[in-house]
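If you want the building blocks of each chain, they are given just below.
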Amino acid sequence: MKILGIESSCDETAAAIVEDGRRVLSNEIASQVEIHARYGGVVPEVASRQHILSVIPVIQKAMEDAKAGWDDIDGIAVTVGPGLAGSLLVGASVAKALAAVKGLPLVGVNHLEAHIYANWLGETEPVFPLLCLIVSGGHSDLVLMRGHGEYTLLGRTRDDAAGEAFDKAARILGLGYPGGPAIDKAAENGNPCIDLPHSWIKGTADFSFSGVKTYLQKLSEEGKIDKDNVADLAASFQKAVVDVLAGKTIEAALQNDVRQILLSGGVAANRMLRRVITEKSHVPVLIPKPVFCTDNAAMVASCGYFRQKAGKTSPLDVDVIPGLKMS
Ligand code: KG4
Ligand code: ZN
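Report on the accompanying structure. (Residues numbered from 1 in each chain as written. Chains lettered and ligands numbered in written order. Predicted model: local features only at pLDDT ≥ 70, side-chain atom pairs only at ≥ 80, totals over all residues. Heavy atoms only, no water.)

### Quick notes on the overall build of the protein
In terms of helices and strands, the protein carries 11 helices and 10 strands. Along the three orthogonal principal directions, the C-alpha set of the protein runs to about 60 × 45 × 30 Å. The burial tally for the protein puts 54% of its 327 residues in the buried class. Of all intrachain contacts in the protein linking residues separated by at least 6 positions in sequence, the fraction that spans at least 24 positions is 73%. Counting every atom, the protein has about 13900 Å² of accessible surface; 51% of that belongs to carbon and sulfur. Across the protein, the mean location of the 32 positive side-chain charges is 2 Å away from that of the 38 negative side-chain charges. (Helix = DSSP H or I, 4+ residues; strand = E, 2+ residues; numbered from the N terminus. Buried < 20%, exposed > 50% of the residue type's maximum accessible area, 1.4 Å probe, protein only. Contact = heavy atoms within 4.5 Å. Areas by Shrake-Rupley, 256 points an atom, 1.4 Å probe, with all protein chains shown as cover. Lys, Arg positive; Asp, Glu negative; His and termini not counted. Charge placed at Lys NZ, Arg CZ, Asp CG, Glu CD.)

### As for the site of ligand 1
Among the 19 residues in the neighbourhood of ligand 1, the closest are listed as Gly137, Asp167, Gly180, Asp184 and Gly266. Gly180 has a polar backbone atom sitting 2.9 Å from an oxygen atom of ligand 1. Protein chains shield 88% of the accessible area of ligand 1, which is 560 Å² for the free molecule. When each cavity is represented as a set of grid points, ligand 1 is found to reside in the largest pocket. Those elements that place two or more of their residues in the shell around ligand 1 are helix 4 (111-117), helix 5 (162-172) and helix 6 (179-187). Residues of the shell around ligand 1, tallied by class, amount to five nonpolar, 11 polar and three charged. (Near = heavy atom within 4 Å. Polar contact = N/O pair within 3.5 Å; in protein donor to acceptor, adjacent residues only side chain to side chain. 1 Å grid on protein atoms, 1.4 Å probe; cavity = no way out; pocket = protein on both sides within 12 Å on 5 of 7 lines; lining within 4 Å. Sits in = over half its atoms within 2 Å of the grid points. Nonpolar A, V, L, I, M, F, W, Y, C, P; charged D, E, K, R; others polar.)

Printed below as a string of structure tokens:
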């Protein structure tokens, strides 16, 4: 079964075709990162206008790369939230129109759930029960998954998301946007020798990252950040975040007796996080290829496949919900 996935929740316009939820036949992504970089973050109005320009060419390219005609497609999956309202509407409107015209089933997909399904695109198939750490620009969630579509939220951030913390820290350190890759790179030349606050909230799987960011902000205001210590600060910040993410994830994996740990979301592209969690875990750790960690439509198509197979398709008037929670 071949599913066309469409993703436009933030600043990437993406389309992909995935067979049976696991085999990626095409994966097209038009990134707006350079457009938003000059503002230091995503400008929602600019993002939605850009999606309108990109969405049709991106879908056409995904169809071409997969050598697929409309008769080959069995369903259309599209992100319906959470995300930026105007951006979500572009992908969802196109998906609805295509589903109506081509007579195909439509599946509205939760963006965070889709991030988890990026793990079905790898060599090893995930096995239940599993624990997934979703770390993106807007979320840091620890989710227990006992089967397809069966989620229990164990922990979440109480303030900044991990990716948001990376982006803000990079801005304070003058490393540019997007901050995650910039800190990952700067940390290569630094030592994690500066003891930054690690916020470990006892007795819960919740996270908090605003403290370490505020600490950097204070150093900056006191004029204590310069070109000689910026790489060490980047490495130390990265360590402070990774230590907590890996520690809380492994603790929750032990408590819930899971068979695997899955990483997902943009921050899962972070090289230190990938290494530390793999080294420390007592169970196998699955991590998508970096291109499937950050926003893409292959993960949406994979998630849509499993939903459609379970009979969970959506009506053509499915709503887009910017603050959609995972159910
Ligand atoms: O999942 P994603 O592409 O979009 C959202 O759903 O938010 O995640 C984007 C986030 C950004 O905050 C970005 O800085 C972060 O992922 N990110 C990274 C890395 N690559 C992307 N953070 C740390 N290290 C990286 N290598
Ligand atoms: Zn995302």
